[in-house]
Amino acid sequence: MNSAASKPALVGIDWGTSSLRAFLIGAGGEVLDSIMSDEGIMHVPDRDFDAVFDRVVGSLPVGPGLPVLMSGMITSRNGWVETPYAQLPLGAERLAGSIVSHGTKTGAEVHFVTGAATEHKGGPDVMRGEETQIVGVAALGLTDGLFVMPGTHSKWVNLEGSGIANFSTYMTGEIFAALKDRTILGTLIEDGDYNGAGFEAGVAAGLEDSADLLHNLFHVRTLPLMEMIPKPAVADYLSGLLIGTEISAATQDVDTADHITIVGRSDLSDRYEIALRLGGFQNRHAPNDVVARGHFEIARYAGLIG
């Protein structure tokens, strides 16, 4: 819980697949209070989003009539209200113009930030929720450059000025889980504490030879088989190999003198920081709760707050 003297101006909700975060946001964009719940969209019984919303907002010291703005997978096909994707380039002003409003069963009005989409050579790319985080990052002055958002589906975002110019998604986290749990590689993986040497060796392999991933993956089996790495290091070697490969692909046109900004605070973000450093890249972390600042900026452009 946070406290401040500022008057509440907005409720911002970042509602994802596995969890949600709700913020009480002050008139200057600061977070006055916040709560977190594991009731992500895939964990809502009978898809009763109204009930979860009422309970979550009811736990915040919210006065009547305070506007509510949501972002994330809550606007997906599996969420509360599916919204169309906005096309790039995209910033706070255009997202504000694409807001979708909805009335809850109890008569409250909520507003949804739509996701973003772009086209690549092989097909479209989409995001829901990350666009609001990037708006928050830009509002804090971290404009221009490359931003990485580690996760099950990591996003690499090119920001020009305060707008999203392009982005790409890498299914690194999901591939790690699938390989660990569903393939023969997992038979050699032992649970244990983080093995830094194993992770860094994997990163080095991924950075050096990212184009040969399908071959390099077999080394996750042969290295421990030939006792060239210990079994407790196998999971972290696999993690490093995938993250190193991702970074190599995502930074092909990036100068190592440029800063790469990591958006998110977690053990996974720490791994990306290590991997980027091994690749010779300068990196910095965006502040926590940038999504709340994104809610504030979009709401301001939309006229929901003064």
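Residues numbered from 1 in each chain as written. Predicted model: local features only at pLDDT ≥ 70, side-chain atom pairs only at ≥ 80, totals over all residues. Heavy atoms only, no water.

Some details on a nonpolar patch on the surface
Phase 1 of the analysis: A contiguous nonpolar patch, built from Leu 225, Met 226 and Met 228 and spanning about 360 Å² of accessible area, is present on the exposed surface.
Phase 2 of the analysis: By secondary structure assignment, the location of Leu 225 is in helix α7 (residues 219–225).
Phase 3 of the analysis: Look at Leu 225 and you get partly exposed, because its relative accessible area is 48%. (Patch = residues over 30% accessible without salt bridge, like charges linked within 9 Å, V, L, I, M, F, W, Y side chains within 5 Å. Areas by Shrake-Rupley, 256 points an atom, 1.4 Å probe, with all protein chains shown as cover. Salt bridge = Lys/Arg side-chain N within 4 Å of Asp/Glu carboxyl O. Helix = DSSP H or I, 4+ residues; strand = E, 2+ residues; numbered from the N terminus. Buried < 20%, exposed > 50% of the residue type's maximum accessible area, 1.4 Å probe, protein only.)

A few points about the packing of helix α8 (residues 234–250) against helix α9 (residues 267–278)
Phase 1 of the analysis: Two elements in contact, α8 and α9, have axes separated by 10 Å at closest approach and are oriented at 65 degrees. Crossing angle aside, the handedness with which α8 passes α9 is right-handed. Facing Asp 236, Ser 239, Ile 243, Glu 246 and Ile 247 of α8, the residues of α9 in contact are Leu 268, Arg 271, Tyr 272, Ala 275 and Leu 276.
Phase 2 of the analysis: Within the contact of α8 with α9, the residues separate by chemical class into 6 nonpolar, 1 polar and 3 charged. (Axes fitted to C-alpha atoms, helices over the stretch in contact; angles between N-to-C directions. Left-handed = near helix turned anticlockwise from the far one by under 90°. Contact = heavy atoms within 4.5 Å. Nonpolar A, V, L, I, M, F, W, Y, C, P; charged D, E, K, R; others polar.)

A word on the sheet that holds strand β11 (residues 154–160)
Phase 1 of the analysis: Taken together, the 5 strands give an open sheet; going across it, the order is β12-β11-β10-β13-β14, and neighbouring strands pair in mixed fashion. Sheet topology places β12 (163–170) and β14 (282–285) at the edges, where each strand pairs with a single neighbour. Pairwise comparison of adjacent strand axes, ignoring direction, gives a mean angle of 25 degrees for this sheet.
Phase 2 of the analysis: With 3 bridges connecting them, strand β10 (residues 145–149) and strand β13 (residues 259–262) associate as parallel partners. Its bridge partner lying in β13, Phe 147 is registered against Thr 261.
Phase 3 of the analysis: Its contacts with the sheet put helix α3 (residues 130–139) on β10, β11 and β12, and the angle it makes with β10 is roughly 135 degrees. (Pairing = 2+ DSSP bridges.)

Structural notes on the pattern of salt bridges
Phase 1 of the analysis: Inspection of every chain in the model, using the stated rule, returns 8 salt bridges.
Phase 2 of the analysis: Residue Arg 21 is joined to Asp 289 by a salt bridge in which the shortest nitrogen-to-oxygen separation is 3.7 Å. You can see Arg 21 sitting in strand β2 (residues 20–26) and its partner Asp 289 sitting in the loop between β14 and α10 (290–302), a full 268 residues away along the chain.
Phase 3 of the analysis: According to the relative accessible area criterion, Asp 289 is partly exposed, its value standing at 30%.
Phase 4 of the analysis: Close ionic contact of Asp 181 with Lys 180 constitutes a salt bridge, the shortest N to O distance being 3.7 Å.
Phase 5 of the analysis: By sharing partners, the salt bridges in this structure join Asp 14, Arg 21 and Asp 289 into a single network.

A word on the packing of helix α5 (residues 196–208) against α8
Each pair of packed helices gets described by two things: the angle between the helix axes and the distance between those axes.
Phase 1 of the analysis: Across the interface, α5 lies against α8 with an axial gap of 6 Å and an inter-helix angle of 35 degrees. With respect to the hand of their crossing, α5 and α8 are arranged in right-handed fashion. Listed contacts from α8 to Gly 198, Phe 199, Ala 201, Gly 202, Val 203, Ala 205, Gly 206 and Leu 207 of α5 are Asp 236, Tyr 237, Ser 239, Gly 240, Leu 241, Ile 243, Gly 244, Thr 245, Ile 247 and Ser 248.
Phase 2 of the analysis: When the residues that make up the contact of α5 with α8 are grouped by side-chain class, the tally is 9 nonpolar, 8 polar and 1 charged.

Looking at the pairing of strand β9 (residues 123–127)
Phase 1 of the analysis: As paired strands, strand β8 (residues 116–120) and β9 are joined by 5 bridges and run antiparallel to one another. The partner of Thr 118 across the bridge, within β9, is Asp 125.
Phase 2 of the analysis: Hairpin geometry of β8 and β9 is characterised by an intervening segment of 2 residues between the two adjacent antiparallel strands.

A look at the sheet that holds β9
Strand pairing in a sheet relies on backbone hydrogen bonds, with the paired strands running either antiparallel or parallel.
Phase 1 of the analysis: Strand order in this open sheet of 3 strands is β5-β8-β9, and the pairing throughout is mixed. In this open sheet, the two edge strands, each paired with only one partner strand, are β5 (86–87) and β9.

Comments concerning the packing of aromatic side chains
Phase 1 of the analysis: The full count for this structure, using the stated rule, is 6 aromatic pairs.
Phase 2 of the analysis: Consider the rings of Trp 15 and Phe 49, whose centres lie 5.8 Å apart with planes at 80 degrees: the pair is edge-to-face. Of this pair, Trp 15 sits in strand β1 (residues 8–15) while Phe 49 sits in helix α1 (residues 49–58), placing them 34 residues apart in sequence.
Phase 3 of the analysis: Classification of Phe 49 by relative accessible area gives buried; the value is 2%.
Phase 4 of the analysis: Here Phe 53 and Trp 80 contribute two aromatic rings whose centre-to-centre distance is 5.8 Å and whose plane-to-plane angle is 55 degrees, an arrangement assigned as tilted. Highlighted residues: Phe 53 in helix α1 and Trp 80 in the loop between β4 (68–71) and β5, separated in sequence by 27 residues.
Phase 5 of the analysis: Judged by its relative accessible area of 13%, Trp 80 is buried.
Phase 6 of the analysis: By way of ring pairs, the aromatic residues Trp 15, Phe 49, Phe 53, Trp 80 and Phe 112 are connected into one cluster.
Phase 7 of the analysis: The ring of Tyr 85 carries Arg 128 above its face, with NZ or CZ at 4.1 Å from the centroid. (Phe/Tyr/Trp six-rings, centres within 6.5 Å; stacked < 30°, edge-to-face > 60°. Lys NZ or Arg CZ within 6 Å of the ring centre and 35° of its normal.)

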